[in-house]
Amino acid sequence: MKKIFLGLVISIATITASAQCNGEFSLSGSEAFQKFTNGSQIKMTYCGDKSNMHVVMNNAHAYGDIFKLEIDNDSKNEQLYHVLLTIKENNSGDYAIKALVSLGINEFYYNDKKIITLQAGSIFK
């Protein structure tokens, strides 16, 4: 009985982990967007196929003089990436939204709720 229960728990954990890795960006907590006097930063995670990250990276490269994009792959999950977007010389929340859209991030999860980027003004205050 214990083996069946343990197997069921492991199966559910595997399904849950793969369901969360659906090619979506996520922001969480109050530290997701930070303003500085000379710019701002957005901290995100991305879980999914690496080829989708290449699109964002290529778009960021086109805005290299305005944005700096840092991406670290998680050592425990090869599909999980920690993303830090630094926006130079602008700390406006509205500009942060425009930056995400210009990178191709049109929606994301925020505290487990799916958000359309253009409607995310309250998050980027």
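Preceding block: the structure.
Residues numbered from 1 in each chain as written. Predicted model: local features only at pLDDT ≥ 70, side-chain atom pairs only at ≥ 80, totals over all residues. Heavy atoms only, no water.

The next thing to look at is the overall build of the protein chain. The number of helices and strands found in the protein chain is three helices and seven strands. Shown N-terminal to C-terminal, the secondary structure of the protein chain runs as helices and strands in the order α-β-β-β-α-β-β-α-β-β. The proportion of buried residues among the 125 residues of the protein chain is 31%. Summarising the internal contacts of the protein chain: among those between residues at least 6 apart in sequence, 54% fall at separations of at least 24. (Helix = DSSP H or I, 4+ residues; strand = E, 2+ residues; numbered from the N terminus. Buried < 20%, exposed > 50% of the residue type's maximum accessible area, 1.4 Å probe, protein only. Contact = heavy atoms within 4.5 Å.)

When we look at burial in helix H3 (residues 93-103), the residues that qualify are Gly93, Ala96, Ile97, Ala99, Leu100 and Leu103. Buried residues along H3 cover an arc of 160° about the axis, so they all sit on one side. In H3, the exposed positions angled more than 90 degrees off the buried face are occupied by Asp94 and Lys98. Each element contacted by the buried residues of H3 is listed here: strand E2 (33-36), strand E3 (39-47), helix H2 (50-62), strand E4 (67-73), strand E5 (80-88) and strand E6 (107-110). (Arc of directions from axis to C-beta.)

Moving on to the environment of Tyr109. If you trace the backbone, Tyr109 turns up in strand E6. Looking at Tyr109, the relative accessible area reads 24%, which means it is partly exposed. For the pair Tyr109 and Ser26, spaced 83 residues apart in the sequence, the C-alpha separation amounts to 4.5 Å. Beyond its immediate sequence surroundings of up to four residues, Tyr109 is in contact with Asn22, Glu24, Phe25, Ser26, Leu27 and Lys114.

Our next topic: the pattern of salt bridges. Pairing is possible between side chains that carry opposite charge, provided their charged atoms lie close to one another. On inspection of all chains with the given rule, the structure shows three salt bridges. For Lys114, the salt bridge identified is with Glu24, shortest N-O distance 3.5 Å. Of this pair, Lys114 sits in strand E7 (residues 113-116) while Glu24 sits in strand E1 (residues 24-27), and the two are 90 residues apart along the sequence. On the accessibility criterion, Lys114 (40% relative accessible area) is partly exposed. With relative accessibility at 16%, the residue Glu24 sits in the buried group. The salt bridge partner of Glu70 is Lys68, with a shortest N-O separation of 3.7 Å. For Lys68, a relative accessible area of 43% corresponds to the partly exposed category. Through salt bridges that share partners, Glu24, Glu107 and Lys114 make up one connected network. (Salt bridge = Lys/Arg side-chain N within 4 Å of Asp/Glu carboxyl O.)

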